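# Fold and geometry: a report
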Amino acid sequence: MTATVVPPAPPTPRSPSGSILRPRKATGWRRFKSGLASVLFVLAFVAAAIPLIALVYYVTREGLKVFSWEFLTTELPFSQRSVDGGIGPAVVGTIVITVGATLMAVPLGVLGGIYLNEYAGKSKFGALVRFLSEILTGVPSIVMGLFIYTFWVLRVKEQTGFAGSLALACLMLPVVIRTSEEMLKLVPHELREGSLALGSRKSRTIRTVVLPHAAPGIVSGSLLAVARAAGETAPLLFTIGATQTANWNLFEGTNTALSVQIFGNANSPYIPAQERAFGAAFTLILIVFVATALARIVTVVYTRRVSGKS
Amino acid sequence: MTTEPPMTTTLTPDTTIDGVATLPPTEVDQPPAAESEVPEQEREVVFRLSEVEVFYGAARAVTGVDLDIARNEITAFIGPSGCGKTTVIRSLNRMHDLTPGARVMGTITYHGENLYSGKVDPAEVRRRIGMVFQKPNPFPKSIYDNIAYGPRINGTRKRSQLDDIVEHALTRAALWGEVKDKLKSSALGLSGGQAQRLCIARALAVDPDVLLMDEPCSALDPIATARIEDLMHELKDNLTIVIVTHNMQQAARVSDRTAFYTAEPDEEGRRVGKLVEYDVTETIFTKPGDPRTEGYITGRFG
Ligand SMILES: Nc1ncnc2c1ncn2[C@@H]1O[C@H](COP(=O)(O)OP(=O)(O)OP(=O)(O)O)[C@@H](O)[C@H]1O
Ligand SMILES: [Mg+2]
């Protein structure tokens, strides 16, 4: 080894204060740009938050005027002018119709997402399914209501909660398919390989490794779809009919829903009806909120269980 | 790493005896067969690769791989980055089936059966031929469930039996002491080196016939590396190991045979990996038959 002469390295650059850790002085222009950007971010956030906060505040304030256990459980009044009566049947209707739609759309949608991401690959059929489901996403909800009306209600000659569930399920399905596919796409390829390398079959790998990993995302996406569906009015207008009394039976008899009550009562010139509309709107927000919270808790517990604590 | 001499293990030397004559012949002298630990007639061929080529889409990644991998031996794959070591080792348990566009040409037999025949069940192939990947890939499950995953696939349900398998596998992979009190916590909380040992334990838990290890020690400290190397020696009695490594000393220490690959431009100037030389490890490291092997090895040992 021959010793070579190495020129001394230049000293570490320091800021005027002599520190190498504190920021070097920003020029005026840079500082201005940075400040401007911060202000814009805050403004954008405020602009986005104001309508949300205002809406929740206003609906809550107005809704609480009539909100009570009575209001939630008593039957609808026969006259819009009546100050008595509640929205019991609509609460029941929204719950059974939305649950019915969720039970149809979510499993089917998740299976569709699994098919598209895990099995279809680049096949023509997969591309077709993907394309159709994208088109389905863009179908206006009223069209979906009319579709179920002509294809189901006119055929069975009865308006039922189930017909409403069908219409809502059609709305939810493409959203659930899309989210499931996207979430499955995010599952690292290495995990699938790890499972298959142990002699696991594809179906088992999907069930035990891929789905648990994607579950939180799929649940979030599905919840959005459910929440949207719970508030839909148009698909229910032709399909579920109307009722004054609570109907827990999804498959027989006409039904009603909170969204339909909001629609009907908010258009009314009578103050008691308008108040009921606010009460119903507040109730709907509450139901969606509670359902979302519950689903999240279930997912967290489930993911903890399959993935171990910590 | 110190510059200890590469040879620290006894090696099974001879390749020129009948029965393994298909192992690539070399132009250099062979040490006498008398010192062989394993009697020649017992050394059966597990994998026989002939004219194997692997394509990713239209791009040829490796070509001209002809080699026999003998049972109860450790075969090391060495060579510069990108020369196709991972590509070849993945072709041994049909991992390429999962890569869209990847194609394996030529023939690979496993105990004489064509590995890529349509009648072969890839799941069964992978159960018998375990793999440890270059990047640790623990499942987002508890440590226990990671190890128990394979046995459960094979129908082991009894808790006491699974407990035993888990403990045994983790002990062998030199991880038991570190995790025995937190078997129920997530495997994602492990350090990189611990995760890699978990993956080794997971592969061992299904009791494979062959273990393919793609740089299993690149994230491990010298102590864990030594433990894994000891484990490999121990496992050799029961299974066949193929290991990819960038660590020359490791290849020299643990392997019986070494395959040296390199990547060279083909006629169209695209870099394609190829097998340069395959021989008894001692020969590769002391009297390599190809100047490229020598260059690579001496470059590393400076
Ligand atoms: N999935 C893939 N798709 C396309 N090309 C690939 C893929 N995997 C590997 N290759 C290419 O094949 C060649 C060989 O890669 P391979 O991973 O086998 O190298 P390696 O010898 O394992 O390298 P390293 O030592 O860095 O791990 C490289 O040129 C790489 O770019
Ligand atoms: Mg590699």
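All values derive from a computational prediction rather than experimental measurement.

### Considering the overall build of chain A
If you tally the helices and strands in chain A, you get 11 helices and 0 strands. Its helices and strands in sequence order give chain A the pattern α-α-α-α-α-α-α-α-α-α-α, from N to C terminus. Taken over the C-alpha trace, chain A has a radius of gyration of 28 Å; the compact-globule value for 310 residues is 19 Å, which it surpasses by more than 25%. Each of the three principal axes of chain A carries a C-alpha extent, and together these read 100 × 55 × 40 Å. Counting over 310 residues, chain A shows a buried share of 40%. Across chain A, the fraction of contacts at a sequence separation of at least 24, relative to all contacts at a separation of at least 6, is 72%. For chain A, the computed accessible surface area is about 18,100 Å², with 70% contributed by carbon and sulfur atoms.

### A word on the coordination of the magnesium ion (ligand 2)
Residue and element names in this part refer to chain B. For the magnesium ion (ligand 2), the full set of protein donor atoms is T86 (OG1) and Q134 (OE1), at a range of 1.8 to 2.4 Å. Separated by 48 residues along the polypeptide, T86 in helix α1 (residues 85-91) and Q134 in the loop between β6 (129-132) and α3 (143-153) bring together distant segments of the chain. A relative accessible area of 25% places T86 in the partly exposed class. On the basis of relative accessible area, Q134 is assigned to the partly exposed category, the value being 35%.

### Some points on the site of ligand 1
Residues and elements named next belong to chain B. Around ligand 1, a shell composed of 13 residues is seen, among which S81, K85, T86, T87 and H246 lie nearest. Note that an oxygen atom of ligand 1 is positioned 2.9 Å from one of the side-chain N or O atoms of Q134. Residue H246 places a side-chain N or O atom 2.6 Å away from an oxygen atom belonging to ligand 1. When isolated, ligand 1 has an accessible area of 640 Å², and the protein chains bury 60% of it. The residue makeup of the shell around ligand 1, split by class, is 3 nonpolar, 8 polar and 2 charged.

### As for the pairing of strand β4 (residues 102-110) of chain B
Looking along a regular strand, one sees the side chains alternate between the two faces of the sheet. Residues and elements named next belong to chain B. Of the pairings in the sheet, the one linking strand β1 (residues 45-56) to β4 comprises 8 bridges and is antiparallel in character. Residue pairing across strands places F55 opposite R103, the latter belonging to β4. Of the strand pairs in this sheet, β4 and strand β5 (residues 113-114) are connected by 2 bridges, and their pairing is antiparallel. The residue of β5 that forms the bridge with T109 is N114. Remark: 2 residues form the turn of the hairpin made by β4 and β5, two consecutive strands paired antiparallel; H111 in that turn has positive phi of roughly 50°.

### Some remarks on the confidence of the model for chain A
Of the residues in chain A, 95% reach a pLDDT of 70 or more, and the chain-wide mean stands at 89. Taken element by element, the predicted model of chain A shows its lowest mean pLDDT in helix α11 (residues 271-307) of chain A (86) and its highest in helix α6 (residues 161-185) of chain A (95).

### Quick word on the interface of chain A and chain B
Counting residues at the interface gives 22 residues for chain A and 30 residues for chain B. Taken together, the two surfaces of chain A and chain B that pack against each other cover about 2,100 Å², and 57% of this comes from carbon and sulfur. Connecting chain A to chain B are 3 salt bridges. Taken together, chain A and chain B are joined by 6 residue pairs in polar contact (both at pLDDT 80 or more). Those elements that place two or more of their residues in the side of chain A that touches chain B are α7 (189-196), α8 (202-230) and α11 of chain A.

### Structural notes on the sheet that holds β4 of chain B
All names here are of chain B. What the 10 strands build is an open sheet, ordered β5-β4-β1-β2-β10-β9-β3-β8-β7-β6; its pairing is mixed. With one partner strand each, in any of the chains shown, β5 and β6 form the two edges of the open sheet. Looking at chain direction, strand β9 (residues 257-265) and strand β10 (residues 271-280) are connected through 9 bridges and run antiparallel. Of the residues in β10, the one forming a bridge with T258 is D279. On the sheet, helix α6 (residues 192-205) packs against β6 and β7 (210-214) and is oriented at approximately 175° with respect to β6.

### Describing the nonpolar core
By size, the foremost hydrophobic cluster in this structure holds 48 residues, and its most contacted members are L170, L211 and M213 of chain B. With 7 residues, the top contributor of residues to this core is α6 of chain B.

### Description of α3 of chain B
Residue and element names in this part refer to chain B. Burial of α3 is extensive: 10 of the 11 residues sit out of reach of the surface. Of all the positions in α3, only I143, Y144, D145, N146, I147, A148, Y149, G150, P151 and I153 are classed as buried. Note on α3: the residue one or two positions beyond its end, G155, has a positive phi of about 95°.

### Points about the packing of helix α4 (residues 159-172) of chain B against α6 of chain B
Residue and element names in this part refer to chain B. One way to put it is that α4 packs onto α6 with a least axis distance of 8 Å and a crossing angle of 130°. When the axes of α4 and α6 are compared, the pair comes out oblique. For α4 against α6, the interelement crossing comes out right-handed. Side by side, α4 and α6 meet where I165, A169, L170 and R172 of the first sit next to L198, A201, L204 and A205 of the second. Each residue belonging to the contact of α4 with α6 can be placed in one class, and the counts come to 7 nonpolar, no polar and 1 charged.

### A short note on the packing of aromatic side chains
All names here are of chain A. Counting across every chain of the model gives 12 aromatic pairs over all chains. Judged by centre distance (4.9 Å) and plane angle (40°), the ring pair of F147 and F151 falls under tilted. In this pair, F147 and F151 both sit in helix α5 (residues 141-156), 4 residues apart, roughly one turn of the helix. Owing to a relative accessible area of 48%, F151 belongs among the partly exposed residues under this scheme.

Conventions adopted
Residues numbered from 1 in each chain as written. Chains lettered and ligands numbered in written order. Predicted model: local features only at pLDDT ≥ 70, side-chain atom pairs only at ≥ 80, totals over all residues. Heavy atoms only, no water. Helix = DSSP H or I, 4+ residues; strand = E, 2+ residues; numbered from the N terminus. Rg over C-alpha atoms; globule rule 2.2 N^0.38 Å. Buried < 20%, exposed > 50% of the residue type's maximum accessible area, 1.4 Å probe, protein only. Contact = heavy atoms within 4.5 Å. Areas by Shrake-Rupley, 256 points an atom, 1.4 Å probe, with all protein chains shown as cover. Donors = N, O, S within 2.8 Å, 3.2 Å for Na, K, Ca; no water. Near = heavy atom within 4 Å. Polar contact = N/O pair within 3.5 Å; in protein donor to acceptor, adjacent residues only side chain to side chain. Nonpolar A, V, L, I, M, F, W, Y, C, P; charged D, E, K, R; others polar. Pairing = 2+ DSSP bridges. pLDDT = per-residue confidence, 0-100. Buried area = accessible area lost by both parts, 1.4 Å probe. Salt bridge = Lys/Arg side-chain N within 4 Å of Asp/Glu carboxyl O. Axes fitted to C-alpha atoms, helices over the stretch in contact; angles between N-to-C directions. Core = buried A, V, L, I, M, F, W, Y, C linked by side-chain atoms within 4.5 Å. Parallel < 35°, antiparallel > 145°, perpendicular 65-115°, else oblique. Left-handed = near helix turned anticlockwise from the far one by under 90°. Phe/Tyr/Trp six-rings, centres within 6.5 Å; stacked < 30°, edge-to-face > 60°.

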